[in-house]
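Structural overview for review
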Amino acid sequence: MTGPANNPRTGIGRQTPTSSSSHNLHSKAMATHSSNPVSQGTFTIHYFATASQFTTKNTECLPAPLPLAQLSPLLEERYPGIREKVLVSCGVSLDGEYVDVEEDAQTIIQAGSEVAIIPPVSSG
Amino acid sequence: MASEQQQTHLPAHLDPATYPRTQHNPTKNIHLTLTYTPLDVNTYLAQTSSPKAGANVLFLGTTRDTFEDRPVSQLSYTCYPPLALKTLTNIAEAAIETHQLIGVSIAHRMGVVPIGEASIAITISAGHRGAAWRAGEEVLEACKEKVEIWKREEFVDGGWSGGLMLIGMRREN
């Protein structure tokens, strides 16, 4: 098998920093953030290992829809430093499939979707 | 606070009550298990055994009491089943195709695994021993490289593995 599942750690933090124009989106995003995991207009994001440690969360809901390209900037705004310390070595999945933040930059994370931040694995 | 929230709304993939998560493909004779209970070796051997198999290899990965010379007090594992089961399937299918195997079972334990107990069990059944040995090693290495499972080692002297250096870090929310 080839494809993202064989190389999940594409480094979602490597995309270029956002312009300040995106900050409005982020402010709104944070204002509408809810602790209710099934609230409308949100997607679920799961954190593991280093990502879970950095955010101090296993999971949370973030406002949807959100372009995939905006995921890393949004997380950086919510968790300053996460891009360089964590996201550069992480893959990201959307509804059970790995996505490439550059190739799939135009993909929209829809309400009800499930995103996961996938750090380097350590099974066995 | 976040910690209260996550305790209240423990996501399903971290809730032991939603396990074991198993997947069986009788056609290809692939058996996958993610479980919070001790691994049952006899079950996995039975899953892949066959009158056509002349070789049955079992690998058990067990938890060590040290990591890089530091005494380990406890190990635990978490996983993301939607991806982990997919990746395990790909690994098992690739091994069957490459080595003409009769059956593959991969089981991984989640949560705390006491020192000396098995965290992963791989059984391979093949016509002959050469293929079974080689496949067993390949499957294990592929699992360690790819499967969406994370180990956390807590040390006797405090601290734990895989941790970020967070000292001095501050967050605003």
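Refer to the structure above for everything that follows.
Residues numbered from 1 in each chain as written. Chains lettered and ligands numbered in written order. Predicted model: local features only at pLDDT ≥ 70, side-chain atom pairs only at ≥ 80, totals over all residues.

Notes on the overall build of chain A
Under the convention used in this document: Each helix is a run of DSSP H or I of at least 4 residues and each strand a run of E of at least 2, with the numbering of both proceeding from the N terminus. For every residue, the other C-beta atoms within 10 Å of its own C-beta are counted; 20 or more classify it as buried, 12 or fewer as exposed, and values in between as partly exposed. C-beta atoms are placed from the backbone. By definition, residue pairs are in contact when their C-beta atoms, positioned from the backbone, come within 7 Å.
For chain A, the count of helices and strands is 4 helices and 7 strands. Helices (α) and strands (β) of chain A occur, in sequence order from the N terminus, as α-β-α-β-β-α-α-β-β-β-β. Among the 124 residues that make up chain A, the fraction classed as buried is 40%. Restricting the contact set of chain A to residue pairs at least 6 apart, pairs at least 24 apart contribute 69%.

Describing helix α3 (residues 71-78) of chain A
With 6 of 8 residues buried, α3(A) lies mostly within the body of the structure. Within α3(A), the full set of buried residues consists of A:L71, A:S72, A:P73, A:L74, A:L75 and A:E77.

Overview of unusual backbone geometry
In this chain, A:A64 is followed by A:P65 through a cis amide linkage whose omega measures 0°. Within the secondary structure, A:P65 is located in the loop between β2 (59-63) and β3 (66-67). At B:N29, a position not held by glycine, the phi torsion is positive, near 60°. As for its placement among the helices and strands, B:N29 is situated in the loop between β1 (21-25) and β2 (30-35). Assessed through the 20 C-beta atoms surrounding it within 10 Å, B:N29 is described here as buried. With phi around 55°, B:Q100 is a residue other than glycine that occupies positive phi space. Here B:Q100 is to be found in the loop between α3 (81-99) and β6 (103-109). Assessed through the 12 C-beta atoms surrounding it within 10 Å, B:Q100 is described here as exposed.

A word on the pairing of β1(B)
All names here are of chain B. Formally: Strands are labelled as partners when DSSP assigns at least two bridges between them.
By the bridge criterion, 5 bridges tie β1 to β2 in an arrangement that is antiparallel. Bridging from a neighbouring strand, H24 pairs with H31 of β2. What sits between β1 and β2 in their antiparallel hairpin is a turn of 4 residues, with N29 showing a positive phi close to 60°.

What about helix α4 (residues 129-146) of chain B?
Residue and element names in this part refer to chain B. The condition that has to hold: To estimate how far a helix should reach, multiply one less than its number of residues by 1.5 Å. This arc corresponds to the set of directions leading from the helix axis out to the C-beta atoms.
Along its 18 residues, α4 runs 25 Å from first to last C-alpha, staying within 8% of the 26 Å computed at 1.5 Å per residue. Among the residues making up α4, those that are buried are A131, A132, A135, G136, V139, C143 and K146. One side of α4 carries all its buried residues, which in axial view fall inside an arc of 130°. Every exposed residue of α4 that faces more than 90 degrees away from the buried side is listed here: R129, G130 and E141. Summarising the contacts, the buried residues of α4 are in contact with β3 (55-62), α3, β6 and β8 (118-126).

Overview of the sheet that holds β8(B)
Residues and elements named next belong to chain B. Note the threshold: The convention used is that axes are lines fitted to C-alpha atoms, helices contributing only their stretch in contact, and that angles between N-to-C directions extend from 0 to 180 degrees.
The sheet built from 5 strands is open, its strands ordered β1-β2-β6-β8-β3 with mixed pairing. Each end of this open sheet is capped by a strand with a single partner; those strands are β1 and β3. Taken pair by pair, the neighbouring strands of this sheet meet at an average axis angle of 5°, ignoring direction.

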